[in-house]
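# Reading the structure
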Amino acid sequence: QVQLVESGGGLVQAGGSLRLSCAASGRTFSSYVMGWFRQAPGKEREFVAAITWSGGNRDYADSVKGRFTISTDNAKNTVYLQMNSLKPEDTAVYYCAAKQYPYSSIRYYNLYHYWGQGTQVTVSS
């Protein structure tokens, strides 16, 4: 049974940092692209970042570039999202997701096969 389990969300003041984790289990994910998406109330789910397990490919939404960093720990089958300089507009439920190769169309959430349950991130002003 495939599972993606997020953790690390919470409440933080603007300018603060959080690190989200996504533990993957249930199959071999080496041929999968791992992504982070977020969804704020009343808004569509949006792409945040994506990475391959080798780390050779990674991309970010313009809104988080320079502030967020996506990374992997292959030994732990875990994907991380380090979020710095957080802003109130970063407030959302953050989801971890996985899609099969190729590393293309990574920003389209409907192409991802597996999803975690989400973790709430709230940034106060």
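Our subject is the structure that appears above.
As a starting point, this report considers the structure included with it. Bear in mind the structure is a predicted one, so any value in this text is a computation, not a measurement. (Residues numbered from 1 in each chain as written. Predicted model: local features only at pLDDT ≥ 70, side-chain atom pairs only at ≥ 80, totals over all residues. Heavy atoms only, no water.)

Counting residues in hydrophobic clusters, the biggest one holds 37 residues, and the most contacted among them are Met 34, Trp 36, Leu 81, Met 83 and Tyr 94. Those elements that provide at least two residues to this core are strand S3 (18–25), strand S4 (32–39), strand S5 (46–52), strand S7 (68–73), strand S8 (78–83), strand S9 (92–100) and strand S11 (119–124). Apart from the residues lying within four places of it in its own chain, the contact partners of Met 34 are Leu 4, Cys 22, Phe 29, Ala 49, Ala 50, Ile 51, Trp 53, Ile 70, Val 79, Cys 96, Ala 97 and Ala 98. (Core = buried A, V, L, I, M, F, W, Y, C linked by side-chain atoms within 4.5 Å. Buried < 20%, exposed > 50% of the residue type's maximum accessible area, 1.4 Å probe, protein only. Helix = DSSP H or I, 4+ residues; strand = E, 2+ residues; numbered from the N terminus. Contact = heavy atoms within 4.5 Å.)

Before going further, it helps to spend a moment on unusual backbone geometry. Between Tyr 101 and Pro 102 the backbone carries a cis peptide bond, its omega angle lying at 15°. By the element assignment, Pro 102 lies in the loop between S9 and strand S10 (114–115). One non-glycine residue, Ser 105, lies in the positive phi region at around 50°. Following the sequence through the fold, Ser 105 ends up in the loop between S9 and S10.

Next up on the list: the sheet that holds S7. The strand order S1-S3-S8-S7 describes an open sheet built from four strands, whose pairing is antiparallel. Among the strands making up the open sheet, the edge pair consists of strand S1 (3–7) and S7. Taken over all neighbouring pairs, the strand axes of this sheet differ in orientation by 15° on average, direction set aside. When S7 meets S8, the two strands line up antiparallel, connected through six bridges. Across the sheet, residue Thr 72 finds its bridge partner in S8, namely Val 79. (Pairing = 2+ DSSP bridges. Axes fitted to C-alpha atoms, helices over the stretch in contact; angles between N-to-C directions.)

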